[in-house]
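# Tertiary structure, described
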Amino acid sequence: MIISICNEKGGCGKSTITANLAIALYDEKNKNLVIDADPQKSLGSFVSIRNQEGHLKKFDYIIKQQDNFFEYLCDIKEKKLKEKEFKYILCDTGGRDSKEMRYALALSDIIIIPVIPSQFDVSVLDRVIEVVKMAKIKNNNLKVFILINLASTNPFLTKKIEELKEYIRAIEEDYIKLIDFVIFQREKYKIAIQMGLGVTEYKEKDKAYLEIENLANFIRKININ
């Protein structure tokens, strides 16, 4: 299953979601792969810290960009990489309308679009949805899920989250759906990334832990045709 985390908007938490989801989906019996298709190689530092700290390897990590990214995904789809059969392949794309994002839309089974509750992010989301609709013509089995991410924990800003939910529900299609839970902006995510950890690797099952577990369980329940 190829899962790509995409959005034209930078700073919406794509790399943090990718890293935490890859760790939460870890299974001793199956290998998972993270493909860093972001030119900034945002996940590289995270992986380096994990290696330096001696944390358990929970996913393979490679860098593939531009046409190399496309060719690698094609090989996966055509089952040319039999020696590396992964259960989940997570792709982190850059924060712009790039070749990598377009390739991900064309070849992924699932797209997750993280969106921050702000007017600017909503404007960018409209453009991304238009690109998604074009990709759907060729990638008929594509499933797209919009995730409200980095939402403020300030209770006075709850209205912004609800307004965004209403807006997304109004643009839903049979293959474009809103994920019904929210991931909030929490210091725990920043601290964990700096330590080379996923939030689910802590013993304490706090709110951040439960948010990522919810997302991982959501992915596990998706059936791909």
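Note that residues are indexed from 1 along each chain, following the sequence as it is written. Local features in this predicted model are restricted to residues of pLDDT 70 or higher, and side-chain atom pairs are both shown and tallied only at a pLDDT of 80 or more, whereas totals for entire chains, interfaces and linings draw on every residue. Side-chain measures here rest on the full set of heavy atoms in the structure, leaving out hydrogens and waters.

### Notes on the overall build of the chain
- A tally of helices and strands in the chain yields eight helices and seven strands.
- On C-alpha atoms alone, the chain measures out to a radius of gyration of 17 Å, which is about the 17 Å that the 2.2 N^0.38 rule sets for 225 residues.
- Each principal axis of the C-alpha distribution contributes one length, and for the chain these read about 50 × 45 × 30 Å.
- With 225 residues in all, the chain has 52% of them scored as buried.
- Note on contacts: a residue pair is in contact if any heavy atoms of the two residues lie within 4.5 Å. The long-range share in the chain, meaning contacts at least 24 apart out of those at least 6 apart in sequence, stands at 79%.
- Values of accessible area rely on a 1.4 Å probe in the Shrake-Rupley scheme; residue burial ignores everything except the protein chains shown. On the chain, roughly 11400 Å² of surface is accessible, and the fraction owed to carbon and sulfur atoms is 48%.
- Positive residues here are Lys and Arg, negative ones are Asp and Glu, while His and the chain termini are left out of the count. Think of each charge as sitting on NZ of Lys, CZ of Arg, CG of Asp or CD of Glu. Each charge class in the chain can be summarised by its mean position, and for the 36 positive and 33 negative side chains these summaries are 2 Å apart. A run of H or I in DSSP counts as a helix once it spans at least four residues, and a run of E counts as a strand once it spans at least two, with each numbered from the N terminus. Here the globule rule reads 2.2 Å times residues to the power 0.38, and the radius of gyration is calculated from C-alpha atoms. Type-normalised accessible area, obtained with a 1.4 Å probe on protein chains alone, sets the label of each residue: buried when under 20%, exposed when over 50%, and partly exposed for intermediate values.

### Some details on the pairing of strand 3 (residues 60–63)
- Burial along strand 3 is one-sided: D60 and I62 are buried, and none of Y61 and I63, which face the opposite way, are.
- Each pair of strands is called paired provided DSSP finds at least two bridges between the two strands. Two elements, strand 2 (residues 31–37) and strand 3, share four bridges in a ladder whose sense is parallel. Of the residues in strand 3, the one forming a bridge with V34 is Y61.
- As for the winding sense of the linkage, the β-α-β connection from strand 2 through helix 2 (residues 42–53) to strand 3 is right-handed. Classification remark: right-handed applies to a crossover when, strands pointing away from the viewer, the course from the first strand over the helix to the second runs clockwise.

### Structural notes on helix 6 (residues 158–170)
- Expected helix span is given by 1.5 Å per residue-to-residue step, counting one fewer step than there are residues. With 13 residues, helix 6 should reach 18 Å at 1.5 Å per residue; the first-to-last C-alpha distance of 19 Å fits that figure.
- Within helix 6 the residues assigned to the buried category are I161, L164, K165 and I168. Projected down its long axis, helix 6 carries its buried residues within an arc of 105°, all on one side. Counted as exposed and oriented over 90 degrees from the buried face of helix 6: K159, E166 and A170. Taken from the helix axis, the directions to the C-beta atoms give the arc we talk about.

### Focus on unusual backbone geometry
- A positive phi is found at K41, a non-glycine position, where the angle reads about 50°.
- Here K41 is to be found in the loop between strand 2 and helix 2.
- Judged by relative accessible area, K41 falls into the partly exposed class, the value being 37%.
- Positioned with a positive phi, Q66 is a non-glycine residue whose angle comes to about 50°.
- As for its position among the elements, Q66 is in helix 3 (residues 66–77).

### Some points on the packing of helix 4 (residues 99–107) against helix 5 (residues 119–138)
- Running from amino to carboxyl end, helix 4 crosses helix 5 at an angle of 45°, the nearest separation of the two axes being 8 Å. The orientation of helix 4 with respect to helix 5, classified from their angle, is oblique. In terms of crossing hand, the pair formed by helix 4 and helix 5 is right-handed. Where helix 4 abuts helix 5, its residues M101, R102 and L105 lie against V131, V132, M134 and A135.
- Residue polarity follows a fixed list, in which Ala, Val, Leu, Ile, Met, Phe, Trp, Tyr, Cys and Pro are nonpolar, Asp, Glu, Lys and Arg are charged, and the others, Gly among them, are polar. Here the contact of helix 4 with helix 5 is composed, by residue class, of six nonpolar, no polar and one charged. The convention used is that axes are lines fitted to C-alpha atoms, helices contributing only their stretch in contact, and that angles between N-to-C directions extend from 0 to 180 degrees. These descriptions rest on fixed angle ranges, namely under 35 degrees for roughly parallel, over 145 for roughly antiparallel, 65 to 115 for roughly perpendicular, and the rest for oblique. Each crossing is labelled by how the near helix is turned from the far one, with a counterclockwise turn of less than a right angle marking it left-handed and a clockwise turn marking it right-handed.

### Remarks on the confidence of the model for the chain
- For every residue, the predictor assigns a confidence score, pLDDT, that lies between 0 and 100. For the chain, the average pLDDT comes to 93, and 97% of its residues sit at 70 or higher.
- The lowest-confidence element of the chain is helix 5, averaging 91 in pLDDT; the highest-confidence one is strand 6 (residues 143–148), averaging 98.

### What to know about helix 1 (residues 14–24)
- Among the eleven residues that make up helix 1, ten are buried, leaving the element largely enclosed by the rest of the structure.
- Among all positions of helix 1, only K14, S15, I17, T18, A19, N20, L21, A22, I23 and A24 are buried.

### Side note on the environment of Y61
- Secondary-structure assignment places Y61 in strand 3.
- Given a relative accessible area of 21%, Y61 falls into the partly exposed group.
- Expressed as a C-alpha distance, the spacing of Y61 and V34, which sit 27 residues apart in the sequence, is 4.9 Å.
- Beyond its immediate sequence surroundings of up to four residues, Y61 is in contact with L33, V34, D36, L43, G44 and V47.
- What qualifies as a polar contact is a pair of N or O atoms within 3.5 Å, subject to a donor-acceptor requirement within protein and to the restriction that residues adjacent in sequence count only when both atoms come from side chains. Separated by 2.8 Å, the side chains of Y61 and D36 make a polar contact.

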